[in-house]
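Here is how the chains run, residue by residue.
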Protein chains: 2
Amino acid sequence: MDLITVKEIFRNRDKYFDQKVTIGGWVRSVRASKAFGFIVVADGSYFDTIQVVYHDTMENFTEISKLNVGAAIIVKGTLVATPDAKQPFEIQADEVAVEGPSASDYPLQKKRHTLEYLRTITHLRPRTNTFQAVFRVRSLAAYAIHKFFQEHGFVYVNTPLITGSDAEGAGEMFQVTTLDLNNVPKTEDGAVDFSQDFFNKKVSLTVSGQLNGETYAMAFRNIYTFGPTFRAENSNTTRHAAEFWMIEPEMAFADLQDDMEVAEAMLKYVINYVLENAPEEMNFFNSFIDKGLLDRLNNVVSNEFGRITYTEAVKLLEEHNDEFDYKVYWGCDLQTEHERYLTEKIFGKPVFVTDYPKEIKAFYMKLNPDGKTVAAVDCLVPGIGEIIGGSQREDDYEKLKARMDELGMKEEQYDFYMDLRKYGSARHAGFGLGFERAVMYLTGMGNIRDVIPFPRTVNNCEL
Amino acid sequence: MDLITVKEIFRNRDKYFDQKVTIGGWVRSVRASKAFGFIVVADGSYFDTIQVVYHDTMENFTEISKLNVGAAIIVKGTLVATPDAKQPFEIQADEVAVEGPSASDYPLQKKRHTLEYLRTITHLRPRTNTFQAVFRVRSLAAYAIHKFFQEHGFVYVNTPLITGSDAEGAGEMFQVTTLDLNNVPKTEDGAVDFSQDFFNKKVSLTVSGQLNGETYAMAFRNIYTFGPTFRAENSNTTRHAAEFWMIEPEMAFADLQDDMEVAEAMLKYVINYVLENAPEEMNFFNSFIDKGLLDRLNNVVSNEFGRITYTEAVKLLEEHNDEFDYKVYWGCDLQTEHERYLTEKIFGKPVFVTDYPKEIKAFYMKLNPDGKTVAAVDCLVPGIGEIIGGSQREDDYEKLKARMDELGMKEEQYDFYMDLRKYGSARHAGFGLGFERAVMYLTGMGNIRDVIPFPRTVNNCEL
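Residues numbered from 1 in each chain as written. Chains lettered and ligands numbered in written order. Predicted model: local features only at pLDDT ≥ 70, side-chain atom pairs only at ≥ 80, totals over all residues. Heavy atoms only, no water.

Caption draft 1: Up close: the nonpolar core. Judged by nonpolar contacts, the single largest core of 196 residues is most densely connected at A:Phe149 and B:Phe149. Discounting chain neighbours no more than four positions away, the residues touching B:Phe149 are B:Phe154, B:Tyr224, B:Ile247, B:Pro249, B:Val262, B:Met266 and B:Phe431. Ranked by size, the runner-up nonpolar core spans 38 residues in total, among them B:Ala252, B:Val351, B:Ala362 and B:Ala376. (Core = buried A, V, L, I, M, F, W, Y, C linked by side-chain atoms within 4.5 Å. Buried < 20%, exposed > 50% of the residue type's maximum accessible area, 1.4 Å probe, protein only. Contact = heavy atoms within 4.5 Å.)

In structure tokens:
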């Protein structure tokens, strides 16, 4: 079909004034009088809508006037500038063809709906202003991430979703099986007989692609993953989903400083890309969802991120222990209240906190010369606290083995990972960015359920 | 670390001649004589390697000379043009620091390894020429797909992986659960008690994001998905994997003609992008993996794709029934031998076959006026046959309902899908491209296990 998008009209309006245009879209509202009427149409290509004027000279004038919100129409007409009106232009229609009417029980009438209600109709909510904005920004942010890494020569690696190992020895996992749960086959000694399962062993959904990603960094130097990850955690909060997307870059011949540089550059790039490519959406969020949003994002892109060690940060925070629910002490895991205090009150801008006690971080992080801390880094941003977590990885075979022994890990599961330290080990570092957290940060949306098209949370797997 | 990539040196060599450069990479080979030696280094940023010359004036001359294949080194030196040598330039090293040696049992010695053997070391195979080329092309192809759709205003949608419904009423699915398989809870009447499972119901891994994608097309007009999909099919072939990535664009206000136009433009775009951005890799494939590759790809990008209906195609093929294992007749599903005959022998270029009998296609495809065929399309390409399958979707509520009744489908599972036909239905179309099939086509690799970093197939889920 030879249709023009509303976006194209808005972006290159001068080209189309007094020209014939044909658009296809969905009715947001109809106001009909006796001789003519106005239809506000959205076609999903652009945040703003376009106004269509139609007249009773049309055969189907009555049909059009009775259209319900949500109906699909195809409009042929002339684009006319309307310098004295609220909207910059409108289409004077020659023809309005009804592509598909909308039944009278259409759930999205022209009124404000709560986000909670809209969560019950995930198949229709992308038609609302808020979710048009959210999911267009989500799409742009995803593309900006690919663009950033590709332009910097990173190789995109699809690490596996179904996995036989538990990436961090932590995190509750979903099991994947083709066994008949009504009648699980058992071995002679009564255990589940996984030899009859599809993969001939027990498998789960991945919680991180990092360890696989490292194998590719040791071949391509700079790689990134961007794919779904899963957590079977029974936490019904506004920030946890059972299925979410993660970005995990990994760089060989890179240390913690390099890691922070890439993380900072990436965050700034993505924010700038979205601000430039979705100005209407970002203004909408700033006006209706989160008043301080644009200031906060501009603060991030225009400041050099602060850097502080965990030990120094703890010293500074201890001075304010009376303001915290959880008291800070060396060795504690920083809570969101502490992270936000650091980045909002003490630094007033994003800050990298480095060199955490090894006890509160993962086994693969590089032991510092002090023997107590590891080369870990969390990036804290005003408004939410931690947005990125990363580390330089332990690249010394013996030290890694010692740490795994300490933690009682099953080494045979990690042969491939140890091989990377045996054959051409190189210092390397990486980080993880939860994509939904990033989209929440970009949009000001407060609930992770509202930045995922079809969210999966405990007891909830609709559509 | 302030390192330069081998790619940067190759691409902008003039800038670096007689300049100091520092690279980090892995040893491909060492040839040492008494007073000096040569190291061939790959850093993973580029298909070609770089030669390093070192001398016995270095303190660690002996250490370097004994380096095994796979060792990681950091080289500081001067880039020198070598117009009379095989390679265009080399690095005259001032310093070669050993970042990490490689143990003597390194599995990738300087010799040819079979693809079968390399499949047993998926964590190391990306260090070989073949897999360097495969996975760099895979990354570029993925990016090209995003770039194509984003530049055409499509919104990227992450459809869910865990799903409560079976997208096509077909396809064997993996079940996802947190129930204890050793002790599956049962209800009073002996059925599995899914109320105790994480999602409070039976859920599986998706086989397609299309139905979810359609809900977003009816909001954003043009959308695409690009994510993992799963099949629990017990088929141990060179073309089936249990976990693979799919691209599924969906367009509202679009018919089958529009669908074909987008599919053709996308395929050509991706091929051109890879040819332009990975010429070394593509020449490698053409020389060592598949001699006709470049001719075949150039044929695709430079020809307008043919178009033929299934009915016409069957007539043409029936004339050659003596050449086929499976005889062709109207109503039969076309086999790969038929598809290849059509595209290779009859058309000599890619061809779209349209309007298949409804019995051999999915329930959601739009019924044609003849009442017998549906607005389906398969895109066939020389060398493999079908690479893309798509259709215009049935957008008429009553016709869709009738077809679902005919097939005995559970309508209550599809309420959301029927809603799209009730509230502003618009003609729409889409297609699916199996990403691994596309990478196989781009590289000439013959086994899907060799284009997936960590392949999952029946009885195989390593790393």
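Caption draft 2: Just the packing of helix H5 (residues 129–151) of chain A against helix H14 (residues 435–443) of chain A, in detail. Residues and elements named next belong to chain A. As a packed pair, H5 and H14 sit with axes 10 Å apart at the nearest point and diverge in direction by 120°. The orientation of H5 with respect to H14, classified from their angle, is oblique. The handedness of the crossing between H5 and H14 comes out as right-handed. Residues Val-137, Arg-138, Ala-141, Ala-142 and Ile-145 of H5 pack against Phe-435, Glu-436, Val-439, Leu-442 and Thr-443 of H14. Among the residues forming the contact of H5 with H14, the class breakdown is seven nonpolar, one polar and two charged. (Axes fitted to C-alpha atoms, helices over the stretch in contact; angles between N-to-C directions. Helix = DSSP H or I, 4+ residues; strand = E, 2+ residues; numbered from the N terminus. Parallel < 35°, antiparallel > 145°, perpendicular 65-115°, else oblique. Left-handed = near helix turned anticlockwise from the far one by under 90°. Nonpolar A, V, L, I, M, F, W, Y, C, P; charged D, E, K, R; others polar.)

Caption draft 3: Summary view of the relation of the copies chain A and chain B. When chain A is fitted to chain B, the best match, at an RMSD of 0.0 Å, comes from turning it 180° and sliding it 0.0 Å along the axis. Here the two chains are linked by the operation of a two-fold rotation axis. Taking C-alpha positions as the reference, the residue of chain A nearest the rotation axis is A:Val176, at 2.4 Å. (Least-squares fit on C-alpha atoms with pLDDT ≥ 70 in both.)

Caption draft 4: Region of interest: the domain arrangement of chain A. Residues and elements named next belong to chain A. By domain assignment, chain A separates into domain 1 (6–100) and domain 2 (127–171 + 207–450). Taken together, the contact pairs seven residues of domain 1 with eleven residues of domain 2. Of the roughly 750 Å² buried at the junction of domain 1 and domain 2 (both faces included), carbon and sulfur atoms supply 42%. Linking domain 1 with domain 2 are one salt bridge, by the criterion used here. We note a salt bridge from Arg-11 to Glu-280, for which the minimum N-O separation is 3.8 Å. One can count four residue pairs in polar contact (both at pLDDT 80 or more) joining domain 1 with domain 2. Each residue belonging to the side of domain 1 that touches domain 2 can be placed in one class, and the counts come to two nonpolar, two polar and three charged. (Domains from an automatic or database assignment. Buried area = accessible area lost by both parts, 1.4 Å probe. Salt bridge = Lys/Arg side-chain N within 4 Å of Asp/Glu carboxyl O. Polar contact = N/O pair within 3.5 Å; in protein donor to acceptor, adjacent residues only side chain to side chain.)

Caption draft 5: Fine view of the pairing of strand S11 (residues 243–252) of chain A. All names here are of chain A. When you tally the buried positions in S11, you get ten out of ten residues, the bulk of the element. The alternating pattern of S11 places Glu-243, Trp-245, Ile-247, Pro-249 and Met-251 on one face and Phe-244, Met-246, Glu-248, Glu-250 and Ala-252 on the opposite face, and all of these are buried. Relative to S11, strand S10 (residues 222–230) runs antiparallel, the two being bridged by nine bridges. Its bridge partner lying in S11, Thr-225 is registered against Glu-248. Direction of pairing for S11 relative to strand S16 (residues 428–434): antiparallel, over a ladder of five bridges. Among the inter-strand pairings, Met-251 is bridged to a residue of S16, identified as Ala-429. (Pairing = 2+ DSSP bridges.)

Caption draft 6: Representation of the interface of chain A and chain B. Contact residues are listed per partner, giving 118 residues for chain A and 118 residues for chain B. Buried surface at the junction of chain A and chain B, summed over both partners, amounts to about 9400 Å²; 60% is from carbon and sulfur atoms. Where chain A meets chain B, there are eight salt bridges. For B:Asp105, the salt bridge identified is with A:Lys422, shortest N-O distance 3.6 Å. In this assembly, chain A and chain B are joined by 41 residue pairs in polar contact (both at pLDDT 80 or more). When residues in the side of chain A that touches chain B are grouped by element, the largest group, 13 residues, is from H5(A). Of the residues assigned to the side of chain A that touches chain B, the class counts are 63 nonpolar, 33 polar and 22 charged.

Caption draft 7: Looking closely at the environment of A:Tyr117. With respect to the element layout, A:Tyr117 can be found in helix H4 (residues 115–119). C-alpha separation for the pair A:Tyr117 and A:Arg239, spaced 122 residues apart in sequence, amounts to 19 Å.

Caption draft 8: Main features of the pattern of salt bridges. Residue and element names in this part refer to chain B. Counting across every chain of the model gives 48 salt bridges over all chains. Taking the shortest distance from any N to any O, the salt bridge between Lys-20 and Asp-94 comes out at 2.8 Å. Within this pair, whereas Lys-20 is found in strand S1 (residues 20–32), its partner Asp-94 is found in strand S5 (residues 89–100), the two being separated by 74 residues in sequence. Owing to a relative accessible area of 61%, Lys-20 belongs among the exposed residues under this scheme. Note on Asp-94: relative accessible area 45%, which makes it partly exposed. Close ionic contact of Asp-405 with Lys-401 constitutes a salt bridge, the shortest N to O distance being 3.6 Å.

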